[in-house]
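Examination of the molecular architecture
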Amino acid sequence: MSHYEILPHPADIKVKIWAASRRELLFSALKALYEISGPQLDSPPVEVQSEIKATGANFPDLVVDFLSQVVSLTDVYNSAFSKMEIQFLSDTELSGRLVGYRFKYLDKEIKGVSYHHLDYQEENGLCTITIIFDI
Amino acid sequence: MALKDFISKIEENLYEISKDYKPEMLVPARFYASPSMLEDIIKDKSLEQLANTATLKGILKYALAMPDIHEGYGAPIGSVFATDLVEGLISPGAVGYDINCGVKLLRSELFKTDLENHKEKLADLIFQTVPSGVGRGGYWCLSFKEMDEVLAHGLDFLKQKGYADNEDLNYCESRGSLTSASSEAVSDLAKRRGLDQLGTIGAGNHFLEVQYVSEIYLREEASKLGLKKDQITVLIHSGSRGLGHQVATDYIKKFGFLASQYGISLVDRELAAVPFSAKEGEAYFKAMQAAANFAWANRQLITHLLRECFFKIFGPRGTLKSVYDVAHNIAKIEEHEIDGLKKKVLVHRKGATRSFPVYHPELPPDYLEIGQPVLIPGSMGTSSYLLLGDKKGKEAFYSSCHGAGRLMSRHEALKKLEGNKILKELAEKGVVARIHSIKGLAEEAAEVYKDVDEVVEVVARSGLAKKVAQFKPLIVIKG
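A few points on the structure. Just so we're clear, the structure is a prediction, and the values are computed from it rather than from any experiment.

Conventions and cut-offs
Residues numbered from 1 in each chain as written. Chains lettered and ligands numbered in written order. Predicted model: local features only at pLDDT ≥ 70, side-chain atom pairs only at ≥ 80, totals over all residues. Helix = DSSP H or I, 4+ residues; strand = E, 2+ residues; numbered from the N terminus. Buried ≥ 20, exposed ≤ 12 C-beta atoms within 10 Å, placed from the backbone. Contact = placed C-beta atoms within 7 Å. Core = buried A, V, L, I, M, F, W, Y, C linked by C-beta atoms within 7 Å. Pairing = 2+ DSSP bridges. Axes fitted to C-alpha atoms, helices over the stretch in contact; angles between N-to-C directions.

To continue, consider the environment of L178(B). All names here are of chain B. Here L178 is to be found in the loop between helix 7 (166-170) and helix 8 (188-194). With 24 C-beta atoms counted inside 10 Å, the residue L178 sits in the buried group. Separated by 132 residues in the primary sequence, L178 and S46 have C-alpha atoms spaced 30 Å apart. Excluding its chain neighbours within four sequence positions, the residues that come into contact with L178 are Q289, A292 and N293.

What follows concerns the nonpolar core. Among the nonpolar cores identified, the biggest contains 160 residues, and V247(B), M288(B), A291(B) and L306(B) are the most heavily contacted of them. The element best represented in this core is helix 11 (residues 279-314) of chain B, accounting for 17 residues. Core analysis: the second largest hydrophobic core is formed by 36 residues, L94(A), L98(A), V113(A) and F133(A) among them.

The strands making up a sheet associate through backbone hydrogen bonding, with each pair oriented either parallel or antiparallel. Residue and element names in this part refer to chain A. The strand order across the open sheet built from four strands is 1-2-8-7, with neighbouring strands paired in antiparallel fashion. The open sheet terminates on both sides in strands that have one partner only, identified here as strand 1 (4-7) and strand 7 (112-123). Neighbour-to-neighbour, the strand axes of this sheet turn through a mean angle of 20°, independent of strand direction. Judged from the eight bridges that link them, strand 7 and strand 8 (residues 126-134) form a sheet pairing that is antiparallel. Looking across to strand 8, one finds that Y120 is bridged to I129. Seen against the sheet, helix 1 (residues 22-37) touches strand 1, strand 2 (13-19) and strand 8 and runs at an angle of roughly 145° to strand 2.

On to the sheet that holds strand 2 (residues 14-17) of chain B, then. Residues and elements named next belong to chain B. A sheet is described by the order of its strands in space; here seven strands give the open sequence 1-2-3-4-5-13-12, paired in mixed fashion. With partners counted over all chains shown, the strands left at the sheet margins are strand 1 (7-11) and strand 12 (329-338), one partner each. When the angles between neighbouring strand axes are averaged without regard to direction, this sheet yields 25°. Bridge count for strand 3 (residues 29-32) against strand 4 (residues 59-70) is three bridges, and the pairing is parallel. Bridging from a neighbouring strand, R30 pairs with L64 of strand 4.

This is how it looks when you write it as structure tokens:
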């Protein structure tokens, strides 16, 4: 089942992401970032792992910082991350381990994650965030 | 009342948003546009964002925008403003994520006819030699020590390593090295992102074009720049890659937390700012300068790789010489006239080009009598331009436009345009394209941008810069 939707934006990629909980929303956001980047992986695949730590003044801020960290680590390791083990999570802090694979190239280079038009809603048991990926 | 009710015409192609539009505005906001551009400009949030920049403490005279204005983060793309060095703020969001995204123009001694039988071969060689797209590491993978040298010294370090000559330094904004840069102000993560990215074009709207001089408007000035009709030139459009993005991300996050500490209430989180005179403001300024040095070094290493390609095919006749290199996203301390007095101020340019007039002390000696070259890349398959800074630019903190300016979303472009069709149309125009992503081609097609000819006309008619030469593409290389 789809967990995100791309919305119109003049220059970059605006994405609405949803999940049943805040924790699940982070996994949905990671998946959205991975799928939109469209990595062509090395063959045979080379697994890469990296520690990740993110902070924010509140939960939506934390999501921005988390995705920003993933974008940075994608650049550092030339690897696309699709899985994560969360070791600690609060509304303002996250630590964990990312698991991904080295890529030959990405279909789309996401260079950063913006606070612009950041919108977070919790309604009827659904957590939804709208976020812009700078490309 | 709506925004358009607060807009008045100041003169032909220049409009003003009254500071009554928002109670937080400290100065009015002005923008250059032709009457036919107005409708599109009002459509997105760019003027709203321009009005937001007019709320930044210490802003002087007015917030400004060029005719290629479009919606960005914090400040709009195409914006320019100056802040007081003592009372004013510095904002990473008003410089942009891709610090010193910019353009470098090279000229050869070849002419259009010399390329006729070599276009495909040259395109293939450049595509193989100059990394573009995502995930292709650079020609030179830096050590941390080398990275610190690049950040601190920019082109000076490249020259020391044999990748640049004196002319490359002379014909580059700030000689390709901002001397207050500090690698210590740049995070390890930013450095790690940049280690294998020097000498790479990247993706998105960045590109490399082999062009020819299609029109000369000012013969004497063109001659002083070494440009002749039908001459082969190369335009490089790239920036500070992941490193610059990380510097911006790091400081926007930091400044967001600090704003309240400095009593700054932000109308937009992406306009996070601190006093320029504060230690954090100084740290960002040093880090931004370091990222700018990295970007100049990046375009220079691409130049080195291009020189190898041209030499392989054309021998000594393929020698490429620098015409100029300009930054589009940067903040700099410059002297401008404020209330009739000369004053040092901090000029933020985001998607705008510095355009100093004749006899400005920062010009290279050879260009003193003609003014600073302003390089305006067109969208894919369209014309690019070289202009020269003009005296009336004084009213715009000596600034000019930076490109065509986006009109259509990527989403809409993908729905309406087909990459393969664009490729075919380029071929029909005699343009050879080498690209990594056919989807990316649709997203960056000429139709998604404003008409660069009209943008340049507005700049020229407003007296910000004068048209010297027009260039048309023969080879396009994109990520």
